[in-house]
Amino acid sequence: MTKPAYKRVLLKLSGEALMGDDAYGINRATIDRMVADVAEVASMGVELAIVIGGGNIFRGVAPGAQGMDRATADYMGMLATVMNSLALADAMRQAGLIARVMSAISIEQVVEPYVRPKALQYLEEGKIVVFAAGTGNPFFTTDTAAALRGSEIGADIVLKATKVDGVYTADPKLDPNAVRYSTITFDEAIAKHLQVMDATAFALCRDQKLPIKVFSIIKPGALIRAIMGEDEGTLVHV
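Residues numbered from 1 in each chain as written. Predicted model: local features only at pLDDT ≥ 70, side-chain atom pairs only at ≥ 80, totals over all residues. Heavy atoms only, no water.

Novice: Explanation requested: the sheet that holds strand β5 (residues 128–132) in the structure shown.
Specialist: Hydrogen bonds between backbone groups are what pair the strands of a sheet, and the pairing can be parallel or antiparallel. Taken in spatial order, the nine strands make up an open sheet running β4-β3-β5-β2-β1-β6-β8-β9-β7, and their pairing is mixed. Single-partner strands in this sheet number two, and they are β4 (112–113) and β7 (183–185). Pairing analysis gives three bridges linking strand β2 (residues 47–52) to β5, with the strands arranged parallel. The residue of β5 that forms the bridge with isoleucine 50 is valine 130. Helix-sheet contacts for helix α1 (residues 28–43) involve β1 (8–13), β2 and β5, and the interaxial angle to β2 is about 150°. (Pairing = 2+ DSSP bridges. Helix = DSSP H or I, 4+ residues; strand = E, 2+ residues; numbered from the N terminus. Contact = heavy atoms within 4.5 Å. Axes fitted to C-alpha atoms, helices over the stretch in contact; angles between N-to-C directions.)

Here's what the structure looks like:
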């Protein structure tokens, strides 16, 4: 097998990616398939950290959250990411991988707190680190958490796993003539108003010269091809 293109990677998973075809929650077959891909990446010697969203769980309570204070709703979302992180780490443990969940909010009876030197130590030891609870602050998305943690751990790239296989000239669901970009610069993405990540996350990656690759987590083998540096998804670079 050829050498991976990246040594240390931050993988951003949306909570919705865990739902599979379900309306909300965690689809067991989907999470097991993701873990199989992660195991293959780990076997290549790639140091892997993961940030996961909470939309799959929060979606089930979202109707009741209407009219709720934004900060309160965001804290609920952070707790949803902790639940997803625990589920993902347990699935990885059952697959023979060693994973550590580190939370940006203090829940020490459940997961250990995020401490940067400890996270770096785990990565160097070959453990997979799952960053839970976003940045620990309301008003910031898990996209921003991915950009922040990726910068802090010195990741070579942020891999943003979505349900779409890259960044397109237009919404491919609405425009059948939409074309996927293989690569695009940060400045081009801004000028074309392309929605790669939320504005805060995007600006942080651009300022830190941290490339982003957007790819489909649904597509079989896409994560491996992205790690190998193949033409998978869209690479956003300086």
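Next comes the rest of the description.
Novice: Which parts of the structure should I look at to understand the pattern of salt bridges?
Specialist: Pairing between side chains of opposite charge can happen when the charged atoms of each approach one another. This model, assessed by the stated rule, comprises twelve salt bridges. Two residues, aspartate 90 and arginine 93, come together in a salt bridge whose shortest N-O distance is 2.8 Å. Separated by three residues within a single helix, aspartate 90 and arginine 93 lie in helix α3 (residues 70–94), roughly one turn from each other. Between glutamate 125 and lysine 127 there is a salt bridge, with the nearest N and O atoms lying 2.6 Å from each other. Assessed through its relative accessible area of 43%, glutamate 125 is described here as partly exposed. (Salt bridge = Lys/Arg side-chain N within 4 Å of Asp/Glu carboxyl O. Buried < 20%, exposed > 50% of the residue type's maximum accessible area, 1.4 Å probe, protein only.)

Novice: Could you clarify how one ought to interpret empty space enclosed by the protein in this entry?
Specialist: Over the atoms a probe the size of a water molecule is rolled, and this reveals where empty space is left. Within the structure shown, the criterion is met by one cavity of 30 Å³ or more. By volume, the largest cavity is sized at about 30 Å³. Considering the residues around the largest cavity, the lining is formed by Leu11, Leu13, Met34, Val35, Val38, Leu88 and Ile217. Looking at the lining of the largest cavity, the elements that each hand over two or more residues are β1 and α1. It is α1 that contributes the most residues to the lining of the largest cavity, three residues altogether. In terms of residue class, the lining of the largest cavity is built from seven nonpolar, no polar and no charged. (1 Å grid on protein atoms, 1.4 Å probe; cavity = no way out; pocket = protein on both sides within 12 Å on 5 of 7 lines; lining within 4 Å. Points joined across faces, edges and corners; volume = space filled by probe spheres on them. Nonpolar A, V, L, I, M, F, W, Y, C, P; charged D, E, K, R; others polar.)

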